[in-house]
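Chains, contacts and geometry: an overview
Here are the chains, one letter per residue:
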Amino acid sequence: MSLNILLEETPVSAYWIGFIMADGHFSEKRLTVTLAKKDEEHLNKLGSYIDLGRPAGQLVTVNAVTISKQEPETVSLIRSRFDFKMKKSYNPPETLPYQDTDLLLSFLVGFIDGDGSINLQTGRKTAALRTVSSPQWLPFLSELSDQTGFGKTTLRHDGYASLNSHRHKEIVSLKQQADLLHLPYLERKWGRVDEGLTGRGNMQYAVIEMIQDNKGNKEIFAQIGCSPAYLSILQKRLR
């Protein structure tokens, strides 16, 4: 399948585009992604997805692993399609990569896995999520937050732009959406999100039941507490 698969408008491809946007690099001819050794398994998932045909290589001196694939024509198409720029850390895309809600959510989860963190709040079992990017990324992240209905964006005191959420229920909802979309998210991060703390471990089934009972969106939001994006995904599944 090779790198062409990243051009497909599917949730898994959108996830990997988000991940690469945050933590990868496209030169004029080649894709390169380097991660810490602890995330070797995750990097090999990407390698398998793009049909790399070999495991990630070891960079022993810095305790890291890397994959690289050269396909000049496809790389050019990907860079153009998703507005990957040179020195992308300081040059975000001009527009969001997708319009479809499922694809934007998938992109968001990939971006979080590449450039974000999920930790427990101090002295609590609830999660906090944040990404950290150069200040030039603030408009892009703000639009991504607006269109997905997730989190909020801030310009931190140290000058970095962040998309973040301290609402445990909202983070749980995003994880559940990722599960619905069968995204290969980074378990090391998302495993810290305890779905049982919401008191709604069966949120998906409760929402489905209300949809099937023809309940209105406002009533579902009030009773279940799920996000609009999560409700939208389930409504699409039941059509």
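Provided above is the structure to which this section pertains.
Criteria and thresholds
- Residues numbered from 1 in each chain as written.
- Predicted model: local features only at pLDDT ≥ 70, side-chain atom pairs only at ≥ 80, totals over all residues.
- Heavy atoms only, no water.
- Helix = DSSP H or I, 4+ residues; strand = E, 2+ residues; numbered from the N terminus.
- Expected span 1.5 Å × (residues − 1).
- Buried < 20%, exposed > 50% of the residue type's maximum accessible area, 1.4 Å probe, protein only.
- Contact = heavy atoms within 4.5 Å.
- Pairing = 2+ DSSP bridges.
- Axes fitted to C-alpha atoms, helices over the stretch in contact; angles between N-to-C directions.
- Phe/Tyr/Trp six-rings, centres within 6.5 Å; stacked < 30°, edge-to-face > 60°.
- Lys, Arg positive; Asp, Glu negative; His and termini not counted.
- Salt bridge = Lys/Arg side-chain N within 4 Å of Asp/Glu carboxyl O.
- Polar contact = N/O pair within 3.5 Å; in protein donor to acceptor, adjacent residues only side chain to side chain.
- Parallel < 35°, antiparallel > 145°, perpendicular 65-115°, else oblique.
- Left-handed = near helix turned anticlockwise from the far one by under 90°.
- Nonpolar A, V, L, I, M, F, W, Y, C, P; charged D, E, K, R; others polar.

**What about helix α1 (residues 11-23)?**
The first and last C-alpha atoms of α1 sit 18 Å apart over 13 residues, in line with the 18 Å expected at 1.5 Å per residue. Along α1, 11 of the 13 residues are buried, which leaves the element largely enclosed by surrounding structure. For α1, the set of buried residues is V12, S13, A14, Y15, W16, I17, G18, F19, I20, M21 and A22. As for α1, its buried residues are in contact with β1 (24-26), β2 (30-36), α2 (40-49), α3 (72-82) and α4 (101-115).

**Structural notes on the sheet that holds strand β6 (residues 127-131)**
Strand order in the open sheet formed by four strands is β5-β6-β8-β7, and the pairing between neighbours is antiparallel. Of all the strands in the sheet, just β5 (116-120) and β7 (152-155) have a single pairing partner and so form its edges. Taken pair by pair, the neighbouring strands of this sheet meet at an average axis angle of 25°, ignoring direction. Each of β5, β6 and β8 (161-165) touches α4; the most contacted strand, β5, lies at about 80° to it. Across the sheet, helix α6 (residues 168-180) lies against β6 and β8, angled at about 70° from β6, the strand it touches most.

**What to know about the sheet that holds β2**
Taken in spatial order, the four strands make up an open sheet running β1-β2-β4-β3, and their pairing is antiparallel. The strands lining the two open edges of the sheet, one partner per strand, are β1 and β3 (57-59). With direction set aside, neighbouring strand axes in the sheet form an average angle of 25°. Taken strand by strand, α2 contacts β2, β3 and β4 (64-70), and its axis lies near 10° from that of β4. The sheet strands contacting α3 are β1, β2 and β4, and the helix crosses β1 at an angle near 110°.

**Digging into the packing of aromatic side chains**
Counted according to the given criterion, the structure contains 11 aromatic pairs. When the ring of Y15 is compared with that of F19, the centres are 6.4 Å apart and the planes differ by 20°; the resulting orientation is stacked. One end of the pair, Y15, and the other, F19, are both in helix α1, four residues apart, so they sit about a helical turn from each other. Summarising the burial analysis for this pair, Y15 and F19 share the class buried. Among the aromatic residues, ring-to-ring pairing joins F82, Y98, F107, F111, W137 and F140 into one connected group.

**Description of the pairing of β6**
The element β6 is largely enclosed, with a buried count of four among its five residues. In this structure, β5 lies alongside β6, joined through five bridges in antiparallel fashion. The residue bridging L120 from the neighbouring strand is A127, located in β6. Two successive antiparallel strands, β5 and β6, enclose a turn made up of six residues, where G123 displays a positive phi of approximately 75°.

**Observations regarding the side chain of K189**
Note that K189 resides in helix α7 (residues 187-190). This buried residue, K189, is left without a salt bridge; D113 holds the nearest opposite charge, at 5.1 Å. Within polar-contact distance, the side chain of K189 engages the backbone oxygen of D113 at 2.7 Å. Contacts of K189, omitting those with residues within four sequence positions, involve I112, D113, G114, G116 and I118.

**Section: the packing of α4 against helix α5 (residues 138-148)**
How two helices pack is summed up by the angle between their axes together with the distance between the axes. Two elements in contact, α4 and α5, have axes whose closest approach is 10 Å; the angle formed by their N-to-C orientations is 130°. In terms of orientation, α4 and α5 fall into the oblique class. Here α4 and α5 pass one another in a crossing that is left-handed. Residues L104, L105, F107, L108 and F111 of α4 pack against F140, L141, L144, Q147 and T148 of α5. Its residues assigned to classes, the contact of α4 with α5 shows eight nonpolar, two polar and no charged.

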